[in-house]
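# Coordinate inspection notes
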Amino acid sequence: MAGWRGSRGGGDAASSEDRIASSQTVRLGKVKPQALGHRTIFCNDRDANLHTKFKANSVSTTKYDIFTFLPKGLFEQFRRVANLYFLMISILSCTPVSPVSPITNVIPLTLVLLVSLIKEAWEDWKRFQNDLSINNSTVEVLHDWSWVPTPWKQLQVGDIIRVNQDGFFPADLIFLASTNPDGVCYVETANLDGETNLKIRKAPERTWDFVSPNKVSEFKGEVQCEQPNNSLYTFTGNLIINKQILPLSPNQLLLRGCSLRNTEYIVGAVVFTGHETKVMMNSMKIPSKRSTLEKKLDKLILALFSVLFCMSLLGSIGSGIFINRKYYYLRFDRSMAQFDPDSRFVVAILTFFTHITLYSPIIPISLYVSVEMIKFIQSTQFINNDLRMYDAESNTPALARTSNLNEELGQVEYIFSDKTGTLTRNLMEFFKCSIGGEVYGTGVSEIETGMAQRTGVKFDAQKQSSATHEKGFNFDDARLIGGAWRNEPNPDSCKEFFRCLAICHTVLPEGDESPERIRYQAASPDEAALVVAAKNFGFFFFRRTPTMIFIRESHADKMGKVQDVPYEILNALEFNSTRKRQSVVCRYPDGRLVLYCKGADTVIYERLADGNPDLKRMSREHLEQFGASGLRTLCLAYKNLKPDVYESWNEKYIHAKSALRDREKKLDEVAELIEKDLNLIGCTAIEDKLQEGVPACIETLSRAGIKIWVLTGDKMETAINIAYGSEGDQIELARYMKEMVKNELKSCHDEAEKYLHMDSGPKLALIIDGKCLMYALDPSLRGMLLNFSLNCTAVVCCRVSPLQKAQVTSLVKKGANRITLSIGDGANDVSMIQAAHVGVGISGQEGMQAVMASDFSIAQFRFLTDLLLVHGRWSYHRICKVVTYFFYKNLTFTLTQFWFTFETGFSGQRFYDDWLQSLYNVIFTALPVIIIGLFDKDVSAVLSKKYPELYKEGVRNAFFKWRVVYTWAFFAVYQSLILYYFVVASSKRAINSSGKLFGLWDVSTMAFTCVIVTVNLRLLMMSNTVTRWHHISVGGSILFWFIFVFIYSGVPLPNKEQQNIYFVIYVLMSTFYFYLTLILVPVAALFCDFVYMGVQRWFFPYDYQIIQEIHRHEDDTSRIGLLEVGQSQLSPDEARSYAVMQLPGQKSRHTGFAFDSPGYESFFASQAGVCVPQKAWDVARRASMRSKPKTPRTPRTPRTPQRN
């Protein structure tokens, strides 16, 4: 220890950054520096810790500060290519080559940037307020022999603090003492990982009495521990008191953000503060994801820029050719380089930039803002407030944690799903067991029932009528209940089996010490189910101390005898994903030493003693039988220990537990020394039932063309098992297995190819386990695995690690270039969720880690049907329409300016007034496209799920292919020609009321009016659902144009440019020509579109159009506005009570956010016949409904409440 212990005098230490990275150097001073990778802390001695500049405890989660907000905020905005493009256009518009006023480009860009920066500032301000509140929270700190309330931000490393019940830990603490006499406390880590199960933490025995201020003030200890890191579940350190070394583990660490439960108060020493706490070092952003459609949108923007470049290049070449001295009457100004006939090349170059500025509206500045607004409302108002995805049992609604991927939900082709807690309920029930080679439990599992129904096999449905039911226990066999096991041929094995269940665990008992009222807090539902099973078998675990477990044993020694037996827990070898087993060493009251072990069959069988081949074989058969029934299995074993053997091993265990380097590895190595030569007792079988609606959901998703892969760490007996020996060289074994996997994979691939070429070949399924997958994912075999698996209807990967889950997901995502979705509920699913295009977390029994890493969260797997087939499909349709419509309307508008260029000698003369050009996107055509992005609906939610095949259009990306873009481009060119040449040609003979011919600004204003009317009417033509909002937005946009132009051209302004169109609209509207043109030109422009849409619908229809025709005479009874409401199972009174009383203003106990349903009061009130004032959202809801057919008038009767 002397080699790396720091002296009490402290010294010059590295900066905080140096301390985090152990590989960096440490500045030397007069005293011995801390060793790399470790830190030394002097408890209750601030002066000694001063020389080591530990970080303060104040935290900041803000993105900006007052100095970096503007530069950093602008940098973030200009990282977007579109904003950078418009910045370039704004700069160009300030140069002499620009034909438009700079203000018309600068103001829209400034508004867009201002809105974005205000949003960023508001979000950062809320983060700052939250940080301020947290940093100023108080905790009691030991100062001058008393507890002094101190703000969190003033805490320092080494301080001794007291945290009261239900309080939060302000920093990472070493647990020293608690008010509980056994030195334990109960911690809730819900803020850390979402788990509500209480965790037990145990203080070192040496410090149990450090409770009072007087006693703890005498404490002067030294903590030597690891440097700050982000590993939540590991900690290595030693506490040195009076030269006595006490090993510290995660059981003595209390993490910041966790809260104290069921304990009056605890005393602890601060070890990590502020941004060095584990929770803060884990506060990284989830990897940002962009939807596939958004990436294709970038390509479309590049295509538009290419068109812009070509148009400008053509104009510049034309300008260089056109400019000539023979056009002397144009009076070229040779002092301006752009109009000097002697410098044609310079003229072409300058005119190129002029045209770039002139045609800049071809790329709409409002596109990204509009799409983001639409996606945000889709997420917050549609997905989050959908009652069909609300789980009443857990009071959990669906939650869109990001709005970037809404349309991606409509294109998913592969779903990667976890099994436990995702497809199943993760509510474990002890169902069957095998003891001494005998199977117990006569119940029929859910999987067996389903298999029997599919194969037509009949079974006795009354079999389970006598089963004992309790949460976690659904066992039916009288041979083991009520002490009847004593009459079995193997009573000693039964006794060891029950004791193993009752002793080998980490469960905490709560409440009264009676079988009926006790509650168990377990780290996993499996552990709780096993302890509940032991209780029902007569071995009732009712009390735990740090060193003892108390079991109330019934009928153990003789029938009818009940006794409380204390077992001393000497060592606990904990479960982890590497060990896959858990062991305890206990001492019986008579001094007998026993090791109890439970774990996966693969690891237990490897550690069994020789002998009992029949028991091993029969138990293996029972394990396979349980696995085929869909049950989760564990093997139980024990070993009697000799005192001298145990003492020798315990010394090694204590040494490994005190190690500061590679502690986990050394503990595993020591555990291997004693976990061998075990005696098999039997095995357990736990049922985890499928969630409600899972089979129907999977069938519906399969019909939608979505392939579901199950990636699970569970055992699956139908998986491919490649036997391998445990002897011989490991490298040769690996080569041998790789060759076997390669050969097996190749033979399966060839067989699959043969079936695929058959007309009616069987459906193929691939089942592979983690060991085989490890070799199949080798780069040399990866391609074959991918090709084979893509041809299979179903793929099951069992016994796979979290990393392998992510690898399989990435294999399909990148190798096959298909849209993928991963869904899971546990921390082991996080890597898979983040690897997929879309990650969905289920807020289930395993905490909220998966939800916190996901893009969308739901409470049940069956809600995927609504999330994908309804919301995903609608979002995809709507966003595709929004993007293609933006492309069309901007190309149409810009091309009218382009055609005008041919009549101006390519000089760059503008056709439209500057303000008209700038406000075209921002005002005159902005609202209708948002409305179609929110309310357009090709078929109802009911039909979307009734015909899941409609979803395949999204998988094929049928609505955003280049063919669709080219079609829109064709009609944009056609309409621009009609709009420009029809207006120009008709105006040549038109005269105003004064008898004068129309000038440039008269013609351009007429053309602009026709463009506004045409593109807005075209939006109505492409709408599947024309609601009241469509009429309001389209009519309002056209009306706003007239209001604007009346004011703009009628009120004199101090603006020379405005003089061009002064009084123009009044002159135009005084002529018959205006009204005739306003009717005929849009009709002519849209006629070709109308014919195309008719031909396409009748002869080349999309799937959704066929469904529309089938159900065109049916009313859309689904009430869909800003909320999706299912009324089929609820009466109006029930629905009102269900939605109004439960949902608004309540907090989900799992998610921590409010579930709001705006405007829903009046809807349910109308259902109940109560008059309540309507709200804006209700108007939106009713506007989205198809009007009912009118019925003949009947004589008026006394008024009764009517449904809308």
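Residues numbered from 1 in each chain as written. Predicted model: local features only at pLDDT ≥ 70, side-chain atom pairs only at ≥ 80, totals over all residues. Heavy atoms only, no water.

This part takes up the overall build of the chain. Broken down by element type, the chain carries 39 helices and 36 strands. The long-range fraction of contacts in the chain, counting pairs at least 24 apart against all pairs at least 6 apart in sequence, stands at 73%. Within the structure as shown, the chain displays about 54600 Å² of accessible surface, and the carbon and sulfur contribution to it stands at 57%. (Helix = DSSP H or I, 4+ residues; strand = E, 2+ residues; numbered from the N terminus. Contact = heavy atoms within 4.5 Å. Areas by Shrake-Rupley, 256 points an atom, 1.4 Å probe, with all protein chains shown as cover.)

Our next topic: the pairing of strand β22 (residues 539-544). Of all the six residues making up β22, five are buried; the element is thus mostly covered by neighbouring parts of the structure. The pairing of β22 with strand β23 (residues 548-554) spans five bridges and is antiparallel. Looking at the pairing, F539 lines up with E553 of β23. What sits between β22 and β23 in their antiparallel hairpin is a turn of three residues. (Buried < 20%, exposed > 50% of the residue type's maximum accessible area, 1.4 Å probe, protein only. Pairing = 2+ DSSP bridges.)

Attention now moves to the packing of helix α19 (residues 694-703) against helix α26 (residues 864-901). Packing of α19 against α26 leaves a shortest axis separation of 10 Å and a crossing angle of 25°. Accordingly, the angle class assigned to the pair α19 and α26 is roughly parallel. Seen from above, α19 lies across α26 with left-handed handedness. Each of C697, T700 and L701 in α19 lies in contact with α26, whose residues at this interface are L864, T865, L868 and L869. Among the residues making up the contact of α19 with α26, the classes are represented as five nonpolar, two polar and no charged. (Axes fitted to C-alpha atoms, helices over the stretch in contact; angles between N-to-C directions. Parallel < 35°, antiparallel > 145°, perpendicular 65-115°, else oblique. Left-handed = near helix turned anticlockwise from the far one by under 90°. Nonpolar A, V, L, I, M, F, W, Y, C, P; charged D, E, K, R; others polar.)

A few words on the sheet that holds strand β2 (residues 138-143). In sheet architecture, strand pairing relies on hydrogen bonds along the backbone and comes in two forms, parallel and antiparallel. Across the sheet, which stays open at both edges, the six strands sit in the order β3-β2-β4-β13-β5-β11 with antiparallel pairing between neighbours. Each end of this open sheet is capped by a strand with a single partner; those strands are β3 (146-151) and β11 (253-254). Across six bridges, β2 lies against β3 in antiparallel orientation. Counterpart to V141 in the pairing with β3 is V148.

For the rest of this paragraph, the subject is empty space enclosed by the protein. If a probe the size of a water molecule is rolled over the atoms, the empty space left behind becomes visible. According to the stated counting rule, one finds eight cavities of 30 Å³ or more in the structure shown. The calculated volume of the largest cavity comes to roughly 180 Å³. Around the largest cavity, the lining comprises 14 residues; the ones closest to its centre are F86, N105, P361, I365 and S918. The set of elements that each furnish at least two residues to the lining of the largest cavity consists of α4 (81-93), α5 (102-135) and α27 (914-924). Counted by class, the lining of the largest cavity contains seven nonpolar, seven polar and no charged residues. (1 Å grid on protein atoms, 1.4 Å probe; cavity = no way out; pocket = protein on both sides within 12 Å on 5 of 7 lines; lining within 4 Å. Points joined across faces, edges and corners; volume = space filled by probe spheres on them.)

Here we take up the pattern of salt bridges. Under the definition given, this model contains 41 salt bridges. K881 serves as the salt-bridge partner of D936, at 3.1 Å between the closest nitrogen and oxygen. Here the residue D936 occupies a position in the loop between α28 (926-935) and α29 (941-946), and K881 occupies one in helix α26, the gap between them amounting to 55 residues. Exposure remark for K881: the relative accessible area of 12% places this residue in the buried category. Residues joined by salt bridges that share partners form a network here, namely R579, R581, E606, R607, E672 and E675. (Salt bridge = Lys/Arg side-chain N within 4 Å of Asp/Glu carboxyl O.)

This paragraph deals with the side chain of N135. Looking at the element boundaries, N135 is found in helix α5. Overall, N135 belongs to the buried group, its relative accessible area being 9%. Setting aside residues up to four positions removed in sequence, N135 forms contacts with N57, S58, V59, P151, W152 and K153.

To continue, consider the pairing of strand β25 (residues 581-587). Counting buried residues in β25 gives six out of seven residues, a clear majority hidden from the surface. Bridging between strand β24 (residues 562-573) and β25 involves five bridges; their strand directions are antiparallel. Bridge assignment links E568 to a residue of β25, and that residue is R587. Where β25 meets strand β26 (residues 593-599), seven bridges bridge the pair, whose relative direction is antiparallel. The partner of S583 across the bridge, within β26, is C597. The hairpin turn running from β25 into β26, its antiparallel successor, is five residues long, and G591 in that turn takes a positive phi close to 95°.

This brings us to the UniProt feature "binding site: Mg(2+)" (unreviewed entry) in the chain. When the UniProt feature table is mapped to this numbering, "binding site: Mg(2+)" (unreviewed entry) covers D418, T420, D825 and D829. In summary, the annotated positions, though distributed over 412 residues, converge in three dimensions, the widest C-alpha pair being only 10.7 Å. As for its placement among the helices and strands, T420 is situated in the loop between β15 (414-417) and β16 (429-435). Looking at the secondary structure, you find D829 in the loop between β32 (820-824) and α24 (830-835). The contact partners of D829, leaving out residues within four places of it in the chain, are D418, K805 and G824. Polar contacts involving the side chain of D829 include one to the side chain of K805, which spans 2.7 Å. (UniProt positions renumbered as here; feature names shortened; annotations may be inferred. Polar contact = N/O pair within 3.5 Å; in protein donor to acceptor, adjacent residues only side chain to side chain.)

Moving on, we get to the nonpolar core. By size, the foremost hydrophobic cluster in this structure holds 102 residues, and its most contacted members are F887, V929, V983, M1006, F1008 and W1041. At 15 residues, α26 tops the list of elements feeding residues into this core. Residues within four places of F1008 in sequence aside, it is in contact with F893, Y912, L916, Y920, F924 and W1041. F541, F550, V584 and I686 belong to the second-largest nonpolar core, a separate cluster that totals 49 residues. (Core = buried A, V, L, I, M, F, W, Y, C linked by side-chain atoms within 4.5 Å.)

It is worth spelling out the packing of helix α31 (residues 962-987) against helix α32 (residues 1000-1022) at this point. The N-to-C vectors of α31 and α32 enclose an angle of 145°; their axes lie 10 Å apart at closest approach. Viewed along their axes, α31 and α32 form a crossing whose handedness is right-handed. In this structure, α31 contributes W968, Q975, L979, V983, V984 and S987 to the contact, and α32 contributes V1003, M1006, A1007, C1010, V1011, T1014, R1018 and M1022. A breakdown of the residues in the contact of α31 with α32 according to their chemical character gives ten nonpolar, three polar and one charged.

Moving on, we come to the sheet that holds strand β8 (residues 222-226). If you trace the four strands from one edge of the open sheet to the other, you get β1-β8-β9-β10, paired in antiparallel fashion. The open sheet has two edge strands, β1 (38-42) and β10 (244-248), and neither has a second partner. The average angle at which neighbouring strand axes cross in this sheet is 20°, direction not considered. Sheet topology places β8 next to strand β9 (residues 237-241); four bridges connect them, and they run antiparallel. Residue pairing across strands places Q224 opposite N238, the latter belonging to β9.

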